[in-house]
Amino acid sequence: MTPTTRDDCLRRDEKDPLAGFRDEFLLPSGTVYLDGNSLGALPAATPGRVARTVEQEWGERLIASWNEAGWWEKPRTLGAGIAPLVGAAPHEVVVGDGTSANLFKALVAALRLNPERHVVLGERGNFPTDLYITEGVSEIMGAVERRVHADNRAALAGALAAGDVAVLLLSHVDYSTGALRDMAEITRLAHANGTLVVWDLCHSAGALPVELASDRADFAVGCTYKYLNAGPGAPAFLFAAERHHAASRQPLTGWHGHARPFDFSAGYAPAEGASRFLSGSQPVVAAAALEASLELWQRVDLGLLREKSLALTDLFIEATRPAGLRLATPREPERRGSQVSLRHPDGYAMVRALIERGVVGDFRAPDILRFGFAPLYLRYADVFDAAQALVEVVRSGEWRDPRFAVATGVT
Ligand SMILES: Cc1ncc(COP(=O)(O)O)c(C=O)c1O
Ligand SMILES: Nc1c(O)cccc1C(=O)C[C@H](N)C(=O)O
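Note that the structure is a prediction, hence the values are computed from the model and not measured.

Here the focus is the site of ligand 1. Around ligand 1 lies a shell formed by T99, S100, F127, T129, D130, S171, D200, C202, H203, Y225 and K226. Here a nitrogen atom of ligand 1 and a side-chain polar atom of D130 are 3.2 Å apart. At 2.7 Å, a side-chain N or O of H203 approaches an oxygen atom of ligand 1. Going through the elements one at a time, α5 (99–113) and α6 (128–141) are the ones with two or more residues in the shell around ligand 1. Residues of the shell around ligand 1, tallied by class, amount to 3 nonpolar, 5 polar and 3 charged.

What follows concerns a nonpolar patch on the surface. Taken together, the side chains of W58, L62, I63 and V285 present a nonpolar region at the surface, about 430 Å² in accessible area. Its place among the elements puts V285 in helix α10 (residues 284–297).

Let's shift gears to the pairing of strand β5 (residues 119–123). For β5, the tally of buried residues reaches 5 of 5 residues, placing the bulk of the element in the interior. Of the two faces of β5, the one holding V119, L121 and E123 and the one holding V120 and G122 are both buried throughout. In this structure, β5 lies alongside strand β6 (residues 144–148), joined through 5 bridges in parallel fashion. Across the sheet, V119 pairs through a bridge with V144, a residue of β6. Remark: the β5/α6/β6 crossover connection has right-handed handedness. Pairing geometry for β5 and strand β7 (residues 165–171), over 3 bridges, is parallel.

Nonpolar side chains in soluble globular proteins tend to end up buried together. Formed by 50 residues in total, the largest nonpolar core has its most connected members in V86, W199, L201, L212, W297 and L376. Here this core spans two domains, since at least three of its residues come from each of domain 1 (6–30 + 302–404) and domain 2 (48–297). Those residues in contact with W199 that sit more than four places away from it in its chain are L170, S171, H172, R181, D182, M183, I186, T187, A217, F219, A220 and V221. In terms of nonpolar packing, the next biggest core, distinct from the first, is built from 38 residues, A349, A386, A389 and V391 among them.

Procedures and definitions
One numbering rule holds for all chains: residues counted from 1, following each sequence as written. Written order determines the labels here, with chains lettered from A and ligands numbered from 1. At least 70 in pLDDT is required for a residue's local features to be given in this predicted model, at least 80 for side-chain atom pairs to be given and counted, and no such filter applies to totals for whole chains, interfaces and linings, which use all residues. Water and hydrogen atoms play no part in the side-chain values, which are based on all heavy atoms of the structure. Any residue with a non-hydrogen atom lying within 4 Å of a molecule or strand is treated as near it. Any pair of N or O atoms that falls within 3.5 Å is considered a polar contact. Within protein, one atom must be able to donate a hydrogen and the other to accept it, and sequence-neighbouring residues count only if both atoms are side-chain atoms. Each helix is a run of H or I in the DSSP string that is no shorter than four residues. Each strand is a run of E no shorter than two, and both are numbered from the N terminus. In this classification, the charged set is Asp, Glu, Lys and Arg, the nonpolar set is Ala, Val, Leu, Ile, Met, Phe, Trp, Tyr, Cys and Pro, and all remaining amino acids, among them Gly, are polar. Residues enter patches when their relative accessible area tops 30% and they take part in no salt bridge; the joining distance is 9 Å for like charges and 5 Å for the nonpolar side chains Val, Leu, Ile, Met, Phe, Trp and Tyr. In short, Shrake-Rupley with a 1.4 Å probe defines the accessible areas, and a residue's cover is counted only from the protein chains shown. In what follows, salt bridge is the name for a side-chain nitrogen of Lys or Arg lying within 4 Å of a carboxyl oxygen of Asp or Glu. Any residue under 20% of the maximum accessible area for its type is buried, any over 50% is exposed, and the rest in between are partly exposed; the area is computed with a 1.4 Å probe on protein chains only. Strand pairing is assigned whenever DSSP identifies at least 2 bridges connecting the two strands. Orient the strands so they point away from the viewer, and a crossover whose first-strand-to-second-strand path over the helix runs clockwise is right-handed. By nonpolar core is meant a set of buried Ala, Val, Leu, Ile, Met, Phe, Trp, Tyr and Cys residues that side-chain atoms within 4.5 Å join together. The split into domains, and so the bounds of each, comes from an automatic or database assignment of domains. Should any heavy atoms of two residues lie within 4.5 Å, those residues are counted as being in contact.

Rendered as structure tokens:
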């Protein structure tokens, strides 16, 4: 049942089995933070962990820490920490580089695994880096890029049925509308047409349970700075299904992906397993922040997380109805990520006015007011208050104040 009053929400908060996690985050007071789908909140354990890496591991033990503190192994140990959150085996995930770089590696590897074909199928309206990297990969690989509407099943099936698609790249959850795609069904359809699939998990890792192995995904990439709370610019992850390990050839053949890096030999030989997707040295200090957040994430029941996420998005959708904004997010729970998007041509000013009231969401062109729901640190009462604030902003017309119309840097 969707709570309908603030008192209902307070009662839901009292019974919430995930409520205790809120105290494990450092949140500014007086703010309802609905932008954890862009930059997640700071775990309370992170500053201490980063300080330990800097002061003790680096400051005191210097070079010895590559072995003693496990720095060399971090891409694999952190990958193993992400694996249960995305339904993968520990040795199928490595951490390193950024999402864009990992997309590049995964797309090239997938194209090379399907050498008879030369089409990369992407989706219209995907996050721009996915579009741009696909463009770059296609140029370098002599491939042809096509785009379909991912949520139009007939169009997707038709594009795959052409029989020339080497690889399909999709976002599991759309960054703009929050639409959740059926990974199992789409992957099955792609495979039936001889196509490999790369999934972008930026908006699903830590937002909902993901089942890469049982859904038969080929490759996946994702960032750790949104729902996984690892901090701005934190290292990303790459999943490669075990069945592709031996034959995969990625293009950024640096020494961290070499079979025997300390032989310092003149020729490249790929490492075993997903490690062959690594390239060069990784930001160890940033990795410490990811390690701290993953320790917290190991204790999260993803079933409970999904239940609360759907309850929060449902509450927000219902409680913002009086604002009269058009819903861009699917109403059916099984088609929704952990986000609610509403449309209005003056959405930018509305979001700015809302931020002034202490409710932080964001705006995505051309007309999307976007709100992310991180179940570990959001309370039902917060969501109720945020919805009320949005209704008041829209109804009062306070967003018409000219100072809210001026675009300001990063949004
Ligand atoms: C779907 C998606 N892919 C990729 C990215 C980002 O890529 P990178 O981490 O390389 O900046 C984002 C957000 O920034 C995203 O929403
Ligand atoms: N990665 C970001 C960045 O480096 C700067 C500003 C914003 C971001 C984001 O993550 C945006 C986010 N992917 C989005 O869905 O809009």
